[in-house]
Structures are given as C-alpha cells and as structure tokens.
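Spelled out, the chains give:
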Amino acid sequence: MPKEAQNTFEQNMEAMSKMSPEQVQDKIKELNKICICRNCPTYVGTGENKLTFCAIGKSTIIKIDRGCLCPGCPVQKAMALRWDRYCLKGSGVEQSRMS
Ligand code: SF4
Ligand code: SF4
C-alpha cells in the first residue's frame, strides 16, 4: 500500500486501465473488503448494498448526504483519491475530470 500511495490517483488509474476486466473485478472485490461506506451515516439504512463508489461511481439508491467517511478510508489513501461523497458525486475518475 505505501508503494501505491506514492503515485497520483491518475497514475494508479493508468495502471488499472492496463488490467483485464477480470483483474479489475478482482481489484474491486479486494477494495470492497476495505471500504468503510458500510459504517457511513449516508449509507446506513438506505438499503444500498454496493460499495467502493470511488471506483464504481454514484449509487442509484443513496440520495441524501449525511456526511462522508471517505477521507479516513484506507482505499482513499492507497489509491491517492482526493475527493469525497463518491456515492453522490461520482467515481474518482469522474470527479478527477470535473476538477
Ligand atoms: S474511499 Fe469511500 S467509497 Fe471508496 S472505498 Fe473508501 S469509503 Fe468506500
Ligand atoms: S462514498 Fe462517502 S458519503 Fe458515500 S457512503 Fe461512502 S463514505 Fe459515505
């Protein structure tokens, strides 16, 4: 993880873009285990069961912002993500294009 943290988010995405679809799915499964959305007040009680919105993009279920735990998430650090509220605002790639 510290090795990845030295790269920018965009460099990490560049590396991921070279992976096969299966490798990307495996990576997301790995990140799902670390994702802390399941403890987030914006997530709890919504019925959402997806995770890792920083990779998969907005939730179709979550609509109300009750705070965000992403800044303290190990995935945020490992991937050098710089944003928050991925479930509401879109994936890291999407927010990277907006900023
Ligand atoms: S940064 Fe946010 S959306 Fe991404 S894995 Fe962590 S808690 Fe989940
Ligand atoms: S992306 Fe951020 S706001 Fe959305 S559920 Fe995860 S921690 Fe909460």
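Relevant structure appears above.
To start, this report covers the structure provided alongside it. Every value quoted in this text rests on a predicted model; they were computed, and no experiment measured them. (Residues numbered from 1 in each chain as written. Chains lettered and ligands numbered in written order. Predicted model: local features only at pLDDT ≥ 70, side-chain atom pairs only at ≥ 80, totals over all residues.)

### A closer look at the overall build of the protein chain
Stage number 1. Secondary structure summary: the protein chain contains seven helices and zero strands in total.
Stage number 2. For the protein chain, the N- to C-terminal ordering of α and β elements is α-α-α-α-α-α-α.
Stage number 3. The C-alpha atoms of the protein chain give 13 Å as radius of gyration, which agrees with the globular expectation for 99 residues (13 Å, within 12%).
Stage number 4. By principal-axis analysis of the C-alpha atoms, the protein chain measures approximately 35 × 30 × 25 Å.
Stage number 5. Nonlocal contacts in the protein chain, meaning residues at least 24 apart in sequence, comprise 57% of its contacts between residues at least 6 apart. (Helix = DSSP H or I, 4+ residues; strand = E, 2+ residues; numbered from the N terminus. Rg over C-alpha atoms; globule rule 2.2 N^0.38 Å. Contact = placed C-beta atoms within 7 Å.)

### Points about the environment of Arg 97
Stage number 1. One can find Arg 97 in helix H7 (residues 92-98).
Stage number 2. For the pair Arg 97 and Ser 59, spaced 38 residues apart in sequence, the C-alpha separation works out to 19 Å.

### Let's talk about the site of ligand 1
Stage number 1. By nearness alone, 15 residues border ligand 1, and Cys 35, Cys 54, Cys 70, Cys 73 and Val 75 come closest of all.
Stage number 2. Elements supplying a minimum of two residues to the shell around ligand 1: helix H4 (53-56) and helix H5 (74-78).
Stage number 3. Residue composition of the shell around ligand 1, by class: 13 nonpolar, two polar and no charged. (Near = placed C-beta within 6 Å. Nonpolar A, V, L, I, M, F, W, Y, C, P; charged D, E, K, R; others polar.)

### Considering the environment of Ser 59
Stage number 1. Mapped onto the elements of the fold, Ser 59 is located in the loop between H4 and H5.
Stage number 2. Assessed through the 19 C-beta atoms surrounding it within 10 Å, Ser 59 is described here as partly exposed. (Buried ≥ 20, exposed ≤ 12 C-beta atoms within 10 Å, placed from the backbone.)

### Here we look at the nonpolar core
Stage number 1. By size, the foremost hydrophobic cluster in this structure holds 17 residues, and its most contacted members are Cys 37, Cys 54 and Tyr 86.
Stage number 2. The set of elements that each furnish at least two residues to this core consists of H4 and helix H6 (86-89).
Stage number 3. Among the elements that make up this core, the one with the highest residue count is H4 (three residues).
Stage number 4. Among all residues touching Cys 54, those that are not within four sequence positions of it are Cys 70, Val 75, Leu 81, Tyr 86, Ser 91 and Gly 92. (Core = buried A, V, L, I, M, F, W, Y, C linked by C-beta atoms within 7 Å.)

### Regarding unusual backbone geometry
Stage number 1. Phi is positive for Thr 52, close to 55 degrees, though the residue is something other than glycine.
Stage number 2. For Thr 52, a count of 22 C-beta atoms within 10 Å corresponds to the buried category.

### Some words on the environment of Trp 83
Stage number 1. By the element assignment, Trp 83 lies in the loop between H5 and H6.
Stage number 2. The sequence separation of Trp 83 and Cys 40 amounts to 43 residues, and the corresponding C-alpha distance is 16 Å.
Stage number 3. Contact partners of Trp 83, with chain neighbours within four places excluded, come to Lys 89, Gly 92 and Gln 95.

Function-wise, these values are silent; they only describe arrangement.
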